[in-house]
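Chain by chain, the residues run as shown.
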Amino acid sequence: MKTEYEKCMAGEPFDGSSPEITEMAVRTKRLLRKLRDTDYADNAAKRRIYREMFGSIGTDVYIDIDFRCEYGRNIHLGNKVIVNMNCTFLDNNRINIGNNVMIAPDVKIFTATHSVHLSERMPERTVPGASICDTIAFPVNIEDGVWIGGNTTILPGITIGRNSVIGAGSVVVKDIPENSIAVGNPCRVIKSVDVESCQ
């Protein structure tokens, strides 16, 4: 029988109040509090917290103030990644971020969603303290060389292909192919990046 966390990672409805998931989320919130209390210029101390919090982290990763996440361990960051201020990564499932990625302020990456049917979204519970709702989570993949503009929202299950650019304020509801410039709500490809001219 699967644990609630195993259901979570398998893209199945799960109860986020299970002891394993609760412990993970509380641990991450404590690390985020520790990160906020760390001197902004103490890069070594911040790096130690990142290594404890994230599933993996590469070199030359810069994360600005007011970063938030859910579990932490499901976030995997490559090399040369910039996460600007006030970003939220809801990492109930994996968030994979490649190399040479820029993420502007106020970007939200969501892996979690819920059923559109009320009876599935908020099933009857008989166990005291159980979550009032079921959640479903799907991974998000940000491939190498992507630039995500400010105040963009990326929904569960999305892949943004390598070298693509997402315009500010976009809501990404479907996969974006590589070497694309995409903008809007919903986010749509408006042109391709001329890769040869950039080499």
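Each remark here, short or long, concerns the structure printed above.
Parameters at a glance
Residues numbered from 1 in each chain as written. Predicted model: local features only at pLDDT ≥ 70, side-chain atom pairs only at ≥ 80, totals over all residues. Heavy atoms only, no water. Phe/Tyr/Trp six-rings, centres within 6.5 Å; stacked < 30°, edge-to-face > 60°. Helix = DSSP H or I, 4+ residues; strand = E, 2+ residues; numbered from the N terminus. Buried < 20%, exposed > 50% of the residue type's maximum accessible area, 1.4 Å probe, protein only. Pairing = 2+ DSSP bridges. Expected span 1.5 Å × (residues − 1). Arc of directions from axis to C-beta. Contact = heavy atoms within 4.5 Å. Polar contact = N/O pair within 3.5 Å; in protein donor to acceptor, adjacent residues only side chain to side chain.

Visitor: How should the packing of aromatic side chains be read in this particular structure?
Guide: What describes a pair of aromatic rings is the distance from one ring centre to the other and the angle between the planes of the rings. Tallied over the entire structure, the rule returns four aromatic pairs. Between the aromatic rings of Phe54 and Phe67, the centroid separation amounts to 5.9 Å while the plane-to-plane angle is 85°, which identifies the pairing as edge-to-face. In this pair, Phe54 is assigned in the loop between α3 (43-53) and β1 (56-57) and Phe67 in the loop between β2 (61-63) and β3 (68-69), connecting sequence segments 13 residues apart. For Phe54, a relative accessible area of 5% corresponds to the buried category.

Visitor: Explanation requested: the sheet that holds strand β17 (residues 171-172) in the structure shown.
Guide: The strands making up a sheet associate through hydrogen bonds between their backbones, and the pairing can be parallel or antiparallel. Within the open sheet, the five strands sit side by side as β3-β6-β9-β14-β17. Their pairing is parallel. Two strands bound the open sheet, and with one partner strand each, they are β3 and β17. By the bridge criterion, two bridges tie strand β9 (residues 108-110) to strand β14 (residues 153-154) in an arrangement that is parallel. Its bridge partner being in β14, Ile109 is matched across the sheet by Ile154.

Visitor: So what exactly am I meant to see when it comes to helix α2 (residues 19-37) here?
Guide: Residues three or four positions apart in an α-helix share a direction because the helix packs 3.6 residues into each turn. Given a rise of 1.5 Å per residue, 19 residues ought to cover 27 Å, and the 27 Å separating the end C-alpha atoms of α2 matches this to within 8%. Within α2, the full set of buried residues consists of Ile21, Met24, Ala25, Thr28, Leu31, Leu32 and Leu35. Down the axis of α2, the sector holding all buried residues measures 125°, keeping them to one side. Across from the buried face of α2, at angles greater than 90 degrees, the exposed residues are Pro19, Glu23, Arg30, Arg33 and Asp37. Looking at the packing, one finds that the buried side of α2 touches α1 (4-9), α3 and β3.

Visitor: Please explain the environment of Asn163 as it appears in this structure.
Guide: Checked against the element boundaries, Asn163 lands in the loop between β15 (159-160) and β16 (165-166). Residue Asn163 is classed as partly exposed on the basis of its relative accessible area, which comes to 29%. One polar contact links Asn163 to Asn179, side chain to side chain, over a distance of 3.1 Å.

Visitor: I keep staring at α3 and nothing clicks. Help me out?
Guide: For α3, the full list of buried residues reads Ala45, Lys46, Arg47, Ile49, Tyr50 and Met53. Tucked inside the fold, the buried residues of α3 contact α2, β1, β2 and β3.

Purely geometric numbers; function is a separate question.
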